[in-house]
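Spelled out from the first residue to the last, the chains are:
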Protein chains: 2
Amino acid sequence: MSKAITFYFDFSSPYGYIAAEVIERFARANGANVAWRPFLLGPVFKETGARPLVEQPLKGPYSGRDIARSAVFYNVPFKMPTRFPMNGLLAARAFYWLAAHDAARAVPFAQAVYRAYFQRDQDITAPEVIGKIAANLGADVAALGAGAQDQAIKDRLRQTCDEAIARGVFGSPFFFIDDEPFWGVDRLPMMEKWLTTGGWKY
Amino acid sequence: MSKAITFYFDFSSPYGYIAAEVIERFARANGANVAWRPFLLGPVFKETGARPLVEQPLKGPYSGRDIARSAVFYNVPFKMPTRFPMNGLLAARAFYWLAAHDAARAVPFAQAVYRAYFQRDQDITAPEVIGKIAANLGADVAALGAGAQDQAIKDRLRQTCDEAIARGVFGSPFFFIDDEPFWGVDRLPMMEKWLTTGGWKY
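The text that follows walks through the structure, step by step, so that each part is easy to find. (Residues numbered from 1 in each chain as written. Chains lettered and ligands numbered in written order. Predicted model: local features only at pLDDT ≥ 70, side-chain atom pairs only at ≥ 80, totals over all residues. Heavy atoms only, no water.)

### Points about the sheet that holds strand β3 (residues 174-177) of chain B
Cut-off, in case you're wondering: Here, a strand pair is defined by DSSP locating no fewer than two bridges between the strands. Strands here are runs of E lasting at least two residues and helices are runs of H or I lasting at least four, both read from the DSSP assignment and numbered beginning at the N terminus. Between N-to-C directions, angles span 0 to 180 degrees; the directions come from axes that are lines fitted to C-alpha atoms, helices contributing only their stretch in contact. Should any heavy atoms of two residues lie within 4.5 Å, those residues are counted as being in contact.
The strand order β2-β1-β3-β4 (chain B) describes an open sheet built from four strands, whose pairing is mixed. Of all strands in the sheet, those bounded by a partner on one side alone are β2 (32-38) and β4 (180-183) of chain B. Taken pair by pair, the neighbouring strands of this sheet meet at an average axis angle of 20°, ignoring direction. Across the face of the sheet, helix α3 (residues 59-73) of chain A comes into contact with β3 and β4 of chain B while running at roughly 95° to β4(B).

### Section: the interface of chain B and chain A
How large an interface is tends to be reported as the accessible area lost when its parts come together. In plain terms, the rule: By convention, the term buried area covers the 1.4 Å-probe accessible surface removed from two parts as they join, with the contributions of both added. A pair is scored as a salt bridge if a Lys or Arg side-chain nitrogen falls within 4 Å of a carboxyl oxygen belonging to Asp or Glu. The term polar contact refers here to a pair of N or O atoms within 3.5 Å; inside protein, the definition further demands a hydrogen-donor-capable atom paired with an acceptor-capable atom, and it admits residues adjacent in sequence only when both atoms are side-chain atoms. Classes in brief: Ala, Val, Leu, Ile, Met, Phe, Trp, Tyr, Cys and Pro nonpolar; Asp, Glu, Lys and Arg charged; the others, Gly included, polar.
Taken together, the contacts link 33 residues of chain B with 33 residues of chain A. Around 3,200 Å² of area is buried between chain B and chain A when both sides are counted, 64% of it from carbon and sulfur atoms. Seen at the junction of chain B and chain A, the total is eight salt bridges. Ionic pairing is found between A:Asp66 and B:Arg187, a salt bridge with its closest N-O pair at 2.7 Å. Here chain B and chain A share 18 residue pairs in polar contact (both at pLDDT 80 or more) between them. Those elements that place two or more of their residues in the side of chain B that touches chain A are α3 (59-73), β4 and α9 (188-197) of chain B. If one sorts the elements of the side of chain B that touches chain A by residue count, α3(B) sits on top with nine residues. Among the residues forming the side of chain B that touches chain A, the class breakdown is 19 nonpolar, three polar and eleven charged.

### Section: the pattern of salt bridges
A full pass over the atoms with the stated rule returns 20 salt bridges over all chains. Note that B:Glu21 is salt-bridged to B:Arg115, the shortest N-O span being 2.7 Å. Remark: B:Arg115 occurs in helix α5 (residues 106-118) and B:Glu21 occurs in helix α1 (residues 14-29); sequence separation between them is 94 residues. The network of salt bridges with common partners includes A:Arg65, A:Asp66, A:Arg69, A:Glu180, A:Asp186, A:Arg187, B:Arg65, B:Asp66, B:Arg69, B:Glu180, B:Asp186 and B:Arg187.

### Considerations on the packing of helix α1 (residues 14-29) of chain A against helix α9 (residues 188-197) of chain A
Residues and elements named next belong to chain A. How we decide: An angle below 35 degrees is treated as roughly parallel, one above 145 as roughly antiparallel, one from 65 to 115 as roughly perpendicular, and anything else as oblique. Put simply, a crossing is left-handed when the front helix is turned counterclockwise from the back one by less than a right angle, and right-handed when it is turned clockwise.
One way to put it is that α1 packs onto α9 with a least axis distance of 11 Å and a crossing angle of 20°. The angle between the axes of α1 and α9 places the two elements in the roughly parallel class. In the packing of α1 onto α9, the handedness of the crossing is right-handed. In this structure, α1 contributes Val22, Ile23 and Phe26 to the contact, and α9 contributes Leu188, Met191, Glu192 and Leu195.

### Notes on the relation of the copies chain B and chain A
Here two copies of a chain appear, and what relates them is a rotation about an axis with a shift along it. The condition that has to hold: Alignment of copies: least-squares fit on C-alpha atoms of residues with pLDDT of at least 70 in both copies.
It takes a turn of 180° to lay chain B on chain A, together with a shift of 0.0 Å along the axis; the resulting RMSD is 0.0 Å. Both chain copies can therefore be described as sitting about a two-fold axis. For chain B, the minimum C-alpha distance to the rotation axis belongs to B:Asp186 and amounts to 3.2 Å. Both copies present the same face, since 100% of the interface residues in chain B are matched by interface residues at the equivalent positions in chain A.

### Section: the packing of helix α4 (residues 89-101) of chain A against helix α5 (residues 106-118) of chain A
All names here are of chain A. In contact at an axis separation of 8 Å, α4 and α5 are set at 160° when each is read in the N-to-C sense. As summarised for this structure, α4 and α5 are arranged roughly antiparallel, according to the angle between their axes. Of the two elements, α4 crosses α5, and the hand of that crossing is right-handed. Only Ala106, Val107, Phe109, Ala110 and Val113 of α5 make contact with α4, whose side of the interface consists of Ala91, Ala94, Phe95, Leu98 and Ala99. Taken together, the residues that form the contact of α4 with α5 break down as ten nonpolar, no polar and no charged.

### Comments concerning α4(A)
For the record, the criterion: Here, expected helix span is obtained from the residue count minus one, scaled by 1.5 Å.
With 13 residues, α4(A) should cover 18 Å at 1.5 Å per step; its first-to-last C-alpha distance of 18 Å lies within 8% of that length. Where α4(A) is buried, its residues meet β2 (32-38), α5, α6 (127-136), α7 (141-147) and α8 (151-166) of chain A.

### Side note on α1(A)
Residues and elements named next belong to chain A. What counts, and what does not: One axis fitted to the seven residues ending at a residue, another fitted to the seven starting there: the angle between these axes is the bend at that residue.
Taking 1.5 Å per residue as the helical rise, α1 with its 16 residues ought to reach 22 Å, and the 23 Å between its terminal C-alpha atoms agrees with that figure. Along α1, the largest kink reaches about 40° and is centred on Val22. In this fold, the buried residues of α1 make contact with β1 (3-9), β2, α3, α5, β3 (174-177) and α9. In the stretch just after α1, Gly31 is the one whose phi turns positive, near 65°.

Note that all results are geometric; they support no functional claim without further evidence.
Structure below.
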């Protein structure tokens, strides 16, 4: 039976973007499936009192370097956006509308949103940018634009944020293998060992 | 020419302990030398406003798991100390006295202090514990006990802390390859690529 990776990410997270570029290949190589779960770090930071990484003294400048350096390490194109961070609300709602109504396009949409932001410096809070990304994938843009404002979709995102906090998610990317939590794209080697050995007691 | 890794660590840091168990083998495998630099995270946290990892909401409980899990991943014996964190001041001063007067014993001493704390739950703030560790290595314990209080040794540690902050160190372990900063034992794969390729622009 294929193992389940749950992948929580915020569309404004550079390490989340890197993870989004590599996680599907990683999962295939290790006999796992990935459930993509965009969420919003804002409510989580409110809960934890944390500040965005890049705003922290010492850690911020280091992170700026480490993000760009990590992109090269993981062989992922990357350009730090001029507007950062950005609110991933609209993109996340559009993702959940697609997941509900046009499921095959949801993951490619998430990847395309990340590329628009972290490769081409586009404004992913703009409905026309999100619409164009969806159109390029062949989605029904009119239905998506209206549907992303459905209460059910708004609720779906809010529930995902609540669920993330309840599961102890405090950053992006954040993975679970079944119920085992892994924070950060740098945990992929450990996740690989976890998947291939069946995990270990500690 | 051998490459230079500078290894900053706090004696109270569990990830620093894991790094101390693996860094020499890592360096040898990659044609590098390691300069060990114990420092104190306290003054750094004062500078950055950061709190110890384990005290942070959500991140704290996760870190407790990740530390124990990482120890297994890196194949390093580990038992979370009952008294945590502990002040590494005395151990760090003893290290710098050894580095100045009995250099060959300094690194084995640092490793032994870490093992006393993270394998056997010993009180590494106690002069008799530090003395016994030094004695087991064949060091001159009387000279060490007196010398660790020399103003020159106190200054050496203070300078190392100042230097760490000036170089942007904000956590433990923290490595430099020449002037390239790497935070965390989880950066070893990237450091390996950096060492073997000569680094990359980003």
